[in-house]
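The primary structure of each chain is shown beneath.
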Amino acid sequence: MAESVTSPSAASAAARGGFLAAIFLMATSAIGPGFITQTATFTAKLGAAFAFAILASIVIDFVVQLNIWRITALTRRNASDTANAAIPGAGYLLAVLVLVGGLAFNIGNIAGAGLGLNAMFGLEPKIGGALSAALAIGIFLSRRAGLLLDRSLIGLGLLMIAMTVIVALVSNPPVGDAMRQMVLPEIVDFATITTIVGGTVGGYITYSGAHRLLDKGLVGEQNLAAVTRASLTGIAVTGVMRFILFLAILGVVASGVTLDLSGQAANPAAQAFAVVLGEWGMRIFGLIFWAAAITSVIGAAYTSVSFLVAFRTMGDRDRNIATVIFIAISLAVYLSLGTAPAAILVFVGGFNGLILPIGLTIFTYVGFARADLMGGHVYNRPLLIASAVVCALTWYMGFKSIGPIFAFLGA
């Protein structure tokens, strides 16, 4: 009954809120501890040449997210159902890969939470990770606490952006050199590009935003233009944030400071902030890093577990139990690893970058050959061609990068 008396303006406002929710979910999933640590690590290693990798990754991210969100809106199905309808059994494969990739992400998120508490209080990262995982389980089981945390994240996210801009201005990065190497790089590293693409649109991240639109009912050809804008906005936000963070850390590195990239307590991004803002700057950064990590633990677990519906119907109680178990398994794996947390955060982006071309291949096939799954819609051919090119490129980069990416686990 309520729907029948909803005014057009109220419906429009609800739709805008739904699109903003999808953008926010995708962006906050991407801009997490892995995103920050990957950017700091590769800036320290590649210097200004990392600008090319950022530009290449943004172009790839635009094509990937644009096509997956649009095709999901047209099929009106979640990713695993679309894949199964297109190629019998493919949805089960995609679900398994996303679950494995989500587990890898969550291990990294718990590692990030440990690094955040280490930056704030000097707490040993594994102890901090264990405490954070326990808190995440408690927050997940309390809906009111989860709502409070979501609202807090907005404020902390804005503070993170403001701090990053301040550091970028104060650190005085060599902007001219960065602009030049954005198009004429001295180094081209496929493992780096694969890793940061995986950390932005790999694994569960792109699907989380697309599935949020499904949950809000913002699907179908009538919403296609808005879906397009939302997908591009989400990538634009993450791209701008990565470039600002890159400039902030590049200024520190270019000044002659050497960031520690090894050791159990290594946190290169925190070190860069400390150089510019002092000890208190590092502690504030640690708080924001921890907040991003703890919310990512919950988001990654929730979204990854949503793919279990490919195998069986699950009620809310079953999903709650599965999500708690998922977080507990992530913690157990993290505690058993001898790898430094910063290395884990870099590895998980690369691992999900290796998974990415499989899902993109399925969606590109749907766009080309399965108009019946999209309500008879003839999909935009230039976008499909771009998707096919990026698909081939991600397969090639994955092949070239698999060794270097797994080498991060030995760091």
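Our subject is the structure listed above.
In this text the structure is predicted, and so the values were computed from the model without any measurement.

Parameters and conventions
- Residues numbered from 1 in each chain as written.
- Predicted model: local features only at pLDDT ≥ 70, side-chain atom pairs only at ≥ 80, totals over all residues.
- Heavy atoms only, no water.
- Helix = DSSP H or I, 4+ residues; strand = E, 2+ residues; numbered from the N terminus.
- Rg over C-alpha atoms; globule rule 2.2 N^0.38 Å.
- Buried < 20%, exposed > 50% of the residue type's maximum accessible area, 1.4 Å probe, protein only.
- Contact = heavy atoms within 4.5 Å.
- Areas by Shrake-Rupley, 256 points an atom, 1.4 Å probe, with all protein chains shown as cover.
- Lys, Arg positive; Asp, Glu negative; His and termini not counted.
- Charge placed at Lys NZ, Arg CZ, Asp CG, Glu CD.
- Phe/Tyr/Trp six-rings, centres within 6.5 Å; stacked < 30°, edge-to-face > 60°.
- Salt bridge = Lys/Arg side-chain N within 4 Å of Asp/Glu carboxyl O.
- Axes fitted to C-alpha atoms, helices over the stretch in contact; angles between N-to-C directions.
- Parallel < 35°, antiparallel > 145°, perpendicular 65-115°, else oblique.
- Left-handed = near helix turned anticlockwise from the far one by under 90°.
- Expected span 1.5 Å × (residues − 1).
- Bend = angle between axes of the 7 residues up to and from the residue.
- 1 Å grid on protein atoms, 1.4 Å probe; cavity = no way out; pocket = protein on both sides within 12 Å on 5 of 7 lines; lining within 4 Å.
- Points joined across faces, edges and corners; volume = space filled by probe spheres on them.
- Nonpolar A, V, L, I, M, F, W, Y, C, P; charged D, E, K, R; others polar.

A.B. asks: Whenever I open this one, the overall build of the chain confuses me. Can you help?
C.D. replies: Counting its secondary structure elements, the chain contains 15 helices and zero strands. The C-alpha atoms of the chain give a radius of gyration of 20 Å, which matches the 22 Å a tight globule of 411 residues would have. The C-alpha extent of the chain, read off along each of the three principal axes, is 60 × 50 × 45 Å. A total of 411 residues make up the chain; the buried ones form 57% of that total. Pairs at least 24 residues apart make up 86% of the contacts formed inside the chain by residues separated by at least 6 positions. Roughly 16,300 Å² of accessible area belongs to the chain as shown, and the carbon and sulfur atoms make up 68% of that amount. Each charge class in the chain can be summarised by its mean position, and for the 21 positive and 15 negative side chains these summaries are 6 Å apart.

A.B. asks: What's the story with the packing of aromatic side chains in this structure? I'm lost.
C.D. replies: For any two aromatic rings, the description comes down to two numbers: the centre-to-centre distance and the angle of the planes. This structure, assessed with the given rule, holds 10 aromatic pairs. Ring centres of phenylalanine 42 and phenylalanine 50 lie 5.9 Å apart, and the angle between their planes is 45 degrees; on these two criteria the pair is classed as tilted. Assessed through its relative accessible area of 4%, phenylalanine 42 is described here as buried. An angle of 70 degrees between the planes, with centres 5.8 Å apart, marks the rings of phenylalanine 50 and phenylalanine 246 as edge-to-face. Note that phenylalanine 50 is positioned in helix α3 (residues 50–75) and phenylalanine 246 in helix α11 (residues 224–254), a separation of 196 residues in sequence.

A.B. asks: So what exactly am I meant to see when it comes to the pattern of salt bridges here?
C.D. replies: Note that side chains of opposite charge can pair when their charged atoms are close. What the rule picks out here adds up to five salt bridges. A salt bridge links glutamate 279 to arginine 283, with the nearest nitrogen and oxygen atoms 2.7 Å apart. Note that glutamate 279 and arginine 283 are positioned in helix α12 (residues 268–306) at a spacing of four residues, about one turn of the helix. Judged by relative accessible area, glutamate 279 falls into the exposed class, the value being 52%. Among the residues examined, arginine 283 registers a relative accessible area of 26% and is labelled partly exposed. Where aspartate 318 meets arginine 312, a salt bridge forms, and the shortest distance between an N and an O atom there is 3.5 Å. Where salt bridges share partners, they join Asp177, Arg180 and Glu186 into one cluster.

A.B. asks: Explain the environment of threonine 238 to me, please; I cannot follow it from the model alone.
C.D. replies: Relative to the elements of secondary structure, threonine 238 occurs in helix α11. Taking the relative accessible area as the measure of exposure, threonine 238 reaches 2% and is therefore buried. Beyond its immediate sequence surroundings of up to four residues, threonine 238 is in contact with Met26, Ala27, Ala30, Ile31, Phe35 and Thr200.

A.B. asks: Would you mind going over the environment of phenylalanine 347 with me for this structure?
C.D. replies: For phenylalanine 347, the position within the fold is in helix α14 (residues 341–369). The spacing of phenylalanine 347 and glycine 108 is 239 residues in sequence and 8.4 Å in space, taken between C-alpha atoms.

A.B. asks: How do you make sense of the side chain of asparagine 67 when you look at a structure like this?
C.D. replies: Counting through the fold element by element, asparagine 67 comes out in helix α3. Those residues in contact with asparagine 67 that sit more than four places away from it in its chain are Tyr379, Leu383, Leu384 and Ser387.

A.B. asks: Just to check I follow, could you spell out unusual backbone geometry for this structure?
C.D. replies: Backbone phi values are negative for most residues with the exception of glycine, while trans is the configuration of most peptide bonds. Residue arginine 76 is not a glycine yet carries a positive backbone phi of 60 degrees. Mapped onto the fold, arginine 76 is located in the loop between α3 and α4 (79–86). For asparagine 172, which is not glycine, the phi dihedral falls at a positive 55 degrees. With respect to the element layout, asparagine 172 can be found in the loop between α7 (143–170) and α8 (175–183). Judged by its relative accessible area of 62%, asparagine 172 is exposed.

A.B. asks: In this structure, what is going on with the packing of α3 against helix α15 (residues 381–407)? I would like to understand it.
C.D. replies: Axes are the key here: two packed helices are described by the angle between their axes and the distance separating the axes. Packing of α3 against α15 brings their axes to within 9 Å, and their N-to-C directions diverge by 120 degrees. As the angle between them shows, α3 and α15 are arranged oblique. In the packing of α3 onto α15, the handedness of the crossing is left-handed. Two secondary-structure elements touch here, α3 through Ile60, Val63, Val64, Leu66, Asn67 and Arg70 and α15 through Leu383, Leu384, Ala386, Ser387, Val390, Leu393, Thr394 and Met397.

A.B. asks: Which parts of the structure should I look at to understand helix α5 (residues 90–121)?
C.D. replies: Since the α-helix turns once every 3.6 residues, residues separated by three or four places project in the same direction. Compared with the 46 Å implied by 1.5 Å per residue over 32 residues, the 46 Å span of α5 between its first and last C-alpha is a close match. Trailing α5 by a residue or two, glycine 122 shows a phi angle of about 75 degrees, which is positive.

A.B. asks: Looking at this structure, how should I read α12?
C.D. replies: Taking 1.5 Å of rise per residue, 39 residues should cover 57 Å, yet α12 covers just 33 Å from first to last C-alpha, more than 12% shy of that figure. Along α12, the sharpest change in direction is near 140 degrees and occurs at leucine 277.

A.B. asks: I would appreciate a short explanation of empty space enclosed by the protein in the present structure.
C.D. replies: Space left empty within the atom packing is revealed by a probe, the size of a water molecule, rolled over the atoms. This model, assessed by the stated rule, comprises three cavities of 30 Å³ or more. When its volume is computed, the largest cavity comes out at roughly 60 Å³. If you go around the largest cavity, the residues you meet are Ser29, Ala30, Gly32, Pro33, Gly34, Phe35, Gln38, Phe105, Asn109, Gly199 and Ser296. Going through the elements one at a time, α1 (8–30), α2 (33–46) and α5 are the ones with two or more residues in the lining of the largest cavity. Residue contributions to the lining of the largest cavity peak at four residues, all from α2. Considered class by class, the residues forming the lining of the largest cavity number four nonpolar, seven polar and no charged.

Functional significance is not addressed by these values, which are geometric in nature.
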